[in-house]
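# Analysis of the macromolecular model
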Amino acid sequence: MDIVVKGRKTEVPERFRKHVAEKLKLDKIQKLDAKVISLDVEVSKEHNPRQADRSDRVEITVHSRGPVIRAEAAAGDPYAALDLATGKLEARLRKQHDKRFTRRGNGRLSAADVADVVPGVAELDANGHLPAEEVTESVPTTRIGSLEVQGEGPLVVREKVHTAAPMALDQALYEMELVGHDFYLFVDAETKQPSVVYRRHAYDYGVIHLETDPLAGSDAGGAGGALGG
């Protein structure tokens, strides 16, 4: 099994790479999931001085013949962030391992059971909305893909493309918990619509289906919607 350590807009010292290899105990990970193929460890640096206590972020992604499992954490230095992310990763691997042997029926989980998969999930605000990420400082003019940000515009764009087969709602909830996010984008197997499941209050979840309005004009203003509510 390979461990790939890379930096996003930051250099990764050789000392830290060796620490990653020592911290991520491969025999323990393979014991929890024998199908693991590789681990990606991405280190990023937040240069905003107002976020000094969360300036270093570590994201660990486990690739296997099963679902992708991801854990991330931020702290004042990369070593502390790695410790936190490793703890989350081991907890999720252990939960998946236990579910594999205790799951009954056709292997699908109900919405009530999904919340037990990952402890310590992010909390929502009083209105049930997902917490907004703090805006980082930007250069006067920044071009990201087809978008151009002028001045101090509070716009952060990170583009990803994923390939996935259509799935049922309960499977999407299960996948969301495995990657440790508060939302999960998928194609509904029943309606064939692009859809999003997201976490609301306590054990409650929401789902948004997207369909094309044939009467809509070319004006994109007002498109989309907010999660929550």
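Reading the values: the criteria
Residues numbered from 1 in each chain as written. Predicted model: local features only at pLDDT ≥ 70, side-chain atom pairs only at ≥ 80, totals over all residues. Heavy atoms only, no water. Helix = DSSP H or I, 4+ residues; strand = E, 2+ residues; numbered from the N terminus. Buried < 20%, exposed > 50% of the residue type's maximum accessible area, 1.4 Å probe, protein only. Contact = heavy atoms within 4.5 Å. Areas by Shrake-Rupley, 256 points an atom, 1.4 Å probe, with all protein chains shown as cover. Lys, Arg positive; Asp, Glu negative; His and termini not counted. Salt bridge = Lys/Arg side-chain N within 4 Å of Asp/Glu carboxyl O. Core = buried A, V, L, I, M, F, W, Y, C linked by side-chain atoms within 4.5 Å. Pairing = 2+ DSSP bridges. Axes fitted to C-alpha atoms, helices over the stretch in contact; angles between N-to-C directions.

Bringing the overall build of the protein into the picture now. Each helix and strand in the protein was counted, giving 5 helices and 9 strands. When burial is assessed residue by residue, the protein has 33% of its 229 residues classed as buried. In the protein, the share of contacts with a sequence separation of at least 24, taken over all contacts with a separation of at least 6, comes to 48%. For the protein, the exposed area adds up to about 14500 Å²; of that, 52% sits on carbon and sulfur atoms.

Here aspartate 188 shows up in the loop between β7 (183-187) and β8 (194-199). In this structure, aspartate 188 is buried with no salt-bridge partner, the nearest side chain bearing the opposite charge being lysine 192 at 7.5 Å.

Once that is clear, we can look at the pattern of salt bridges. The final tally for this structure, using the stated rule, is 8 salt bridges. As a salt-bridge pair, lysine 23 and aspartate 83 come within 3.2 Å of each other at their nearest N and O atoms. Taken together, the residues span a long stretch of sequence, with lysine 23 in helix α1 (residues 14-23) and aspartate 83 in helix α3 (residues 78-102) at a distance of 60 residues. Judged by relative accessible area, lysine 23 falls into the partly exposed class, the value being 28%. The partner of arginine 199 in a salt bridge is aspartate 182, and the shortest N-O contact between them spans 3.1 Å. Residue arginine 199 is found in strand β8, and its partner aspartate 182 is found in the loop between α5 (169-179) and β7; the two are separated by 17 residues along the sequence. Exposure remark for arginine 199: the relative accessible area of 4% places this residue in the buried category. Where salt bridges share partners, they join Glu177, Asp182 and Arg199 into one cluster.

If you look at the biggest cluster of nonpolar residues, it comprises 23 residues, and the most contacted ones within it are Leu24, Leu39, Val58, Ile60 and Leu89. Looking at this core, the elements that each hand over two or more residues are α1, α2 (26-32), β2 (36-45), β3 (56-64), β4 (69-75) and α3. Tallying contributions element by element places α3 first for this core, with 5 residues. Sequence-distant contacts of leucine 89, that is, excluding residues within four places in its chain, are made with Leu24, Leu39, Ile60, Val62, Ile69 and Ala71. Among the nonpolar cores identified, the runner-up in size contains 9 residues, and Leu173, Val179, Tyr184 and Val197 belong to it.

Strand order across the open sheet formed by 4 strands is β1-β2-β3-β4, with mixed pairing between neighbours. Each end of this open sheet is capped by a strand with a single partner; those strands are β1 (2-8) and β4. For this sheet, the mean inter-axis angle between neighbouring strands, taken without regard to orientation, is 15 degrees. Of the strand pairs in this sheet, β2 and β3 are connected by 9 bridges, and their pairing is antiparallel.

In this fold, glutamate 72 is placed in strand β4. In this structure glutamate 72 comes out as partly exposed when scored by relative accessible area, which is 24%. Each C-alpha atom of the pair glutamate 72 and valine 43 lies 9.8 Å from the other, and the pair is 29 residues apart in sequence. Once you skip the residues sitting within four places of it in the chain, glutamate 72 turns out to touch Arg57, Val58, Glu59, Ala85, Lys88, Arg92 and His181.

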